Amino acid sequence: MPGINVPTASIVLVNYNGWADLQRCLASLLADPFCAGEQCEILLLDNGSQDGSAEWAAAAFPSVQVLRSAANLGFGAGNNLAAGHARGEYLAFLNPDTEVEPGWLE
């Protein structure tokens, strides 16, 4: 559709009480110009965390789309739920303890 920006890639992260890991992961993703631009969207599915990591991620990284599940759905179901919200042509599934290198997705 003309005028609508569709991201090339959707990056999906499933989080459960992973505040410390998320901090490094999201910072590394958004340090990459490709991921920080409109070519990417980052979807974080919070799997019923109790450590405040979802709230922290939403406040610290406003460009990240934080989705929430009231219960821990498990890794596979969490990825499936988040992927249902993805708009990108390609999907990349990462663990929240991943730290990417610049250019990793290009």
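Whatever comes next refers back to the structure up there.
All values derive from a computational prediction rather than experimental measurement. (Residues numbered from 1 in each chain as written. Predicted model: local features only at pLDDT ≥ 70, side-chain atom pairs only at ≥ 80, totals over all residues. Heavy atoms only, no water.)

Chemist: Whenever I open this one, the pattern of salt bridges confuses me. Can you help?
Modeler: Side-chain pairing between opposite charges can occur once the charged atoms of the two side chains come close. Tallied over the entire structure, the rule returns three salt bridges. The salt bridge involving Arg-24 is made with Asp-21; its shortest N-O contact spans 2.7 Å. Placement of both Arg-24 and Asp-21 in helix α1 (residues 19-31) is noted, with a separation of three residues, approximately one turn of the helix. Looking at Arg-24, the relative accessible area reads 41%, which means it is partly exposed. The salt bridge involving Glu-41 is made with Arg-87; its shortest N-O contact spans 3.3 Å. In this pair, Glu-41 is assigned in strand β2 (residues 40-47) and Arg-87 in the loop between α4 (75-83) and β4 (90-94), connecting sequence segments 46 residues apart. Assessed through its relative accessible area of 8%, Glu-41 is described here as buried. (Salt bridge = Lys/Arg side-chain N within 4 Å of Asp/Glu carboxyl O. Helix = DSSP H or I, 4+ residues; strand = E, 2+ residues; numbered from the N terminus. Buried < 20%, exposed > 50% of the residue type's maximum accessible area, 1.4 Å probe, protein only.)

Chemist: Would you mind showing me how to read the environment of Val-14 here?
Modeler: Examined against the element boundaries, Val-14 turns out to sit in strand β1 (residues 9-15). When sequence neighbours within four positions are dropped, the list of residues in contact with Val-14 reads Leu-45, Asn-47, Phe-75, Gly-78, Asn-79, Leu-94 and Pro-96. (Contact = heavy atoms within 4.5 Å.)

Chemist: What's the story with the environment of Val-100 in this structure? I'm lost.
Modeler: With respect to the secondary-structure elements, Val-100 resides in the segment after β4. Each residue touching Val-100, except ones within four places of it in the same chain, is listed here: Ser-28, Leu-29 and Leu-94.

Chemist: Is there a simple way to explain the packing of aromatic side chains in this structure?
Modeler: Per the stated rule, a full pass over the model turns up two aromatic pairs. With centroids separated by 5.5 Å and ring planes inclined at 80°, the aromatic side chains of Trp-56 and Phe-61 adopt a geometry described as edge-to-face. The exposure class of Trp-56 is partly exposed, given its relative accessible area of 22%. By the ring-pair criterion, three or more aromatic residues cluster together here, those being Trp-19, Trp-56 and Phe-61. (Phe/Tyr/Trp six-rings, centres within 6.5 Å; stacked < 30°, edge-to-face > 60°.)

Chemist: I would appreciate a short explanation of the nonpolar core in the present structure.
Modeler: The nonpolar side chains of a soluble globular protein tend to be buried, and buried together. Judged by nonpolar contacts, the single largest core of 20 residues is most densely connected at Ile-11, Leu-13, Leu-26, Leu-29, Ile-42, Leu-44 and Val-64. Sorting the residues of this core by element identifies β1, α1, α2 (33-36), β2, α3 (53-60) and β4 as the ones contributing at least two each. Counting residues per element, this core draws most heavily on α1, at four residues. Those residues in contact with Leu-13 that sit more than four places away from it in its chain are Cys-25, Leu-26, Leu-29, Ile-42, Leu-43, Leu-44, Leu-45, Leu-94, Asn-95 and Pro-96. One finds Val-14, Leu-43, Leu-45 and Leu-67 within the second-largest nonpolar core, a separate group that totals six residues. (Core = buried A, V, L, I, M, F, W, Y, C linked by side-chain atoms within 4.5 Å.)

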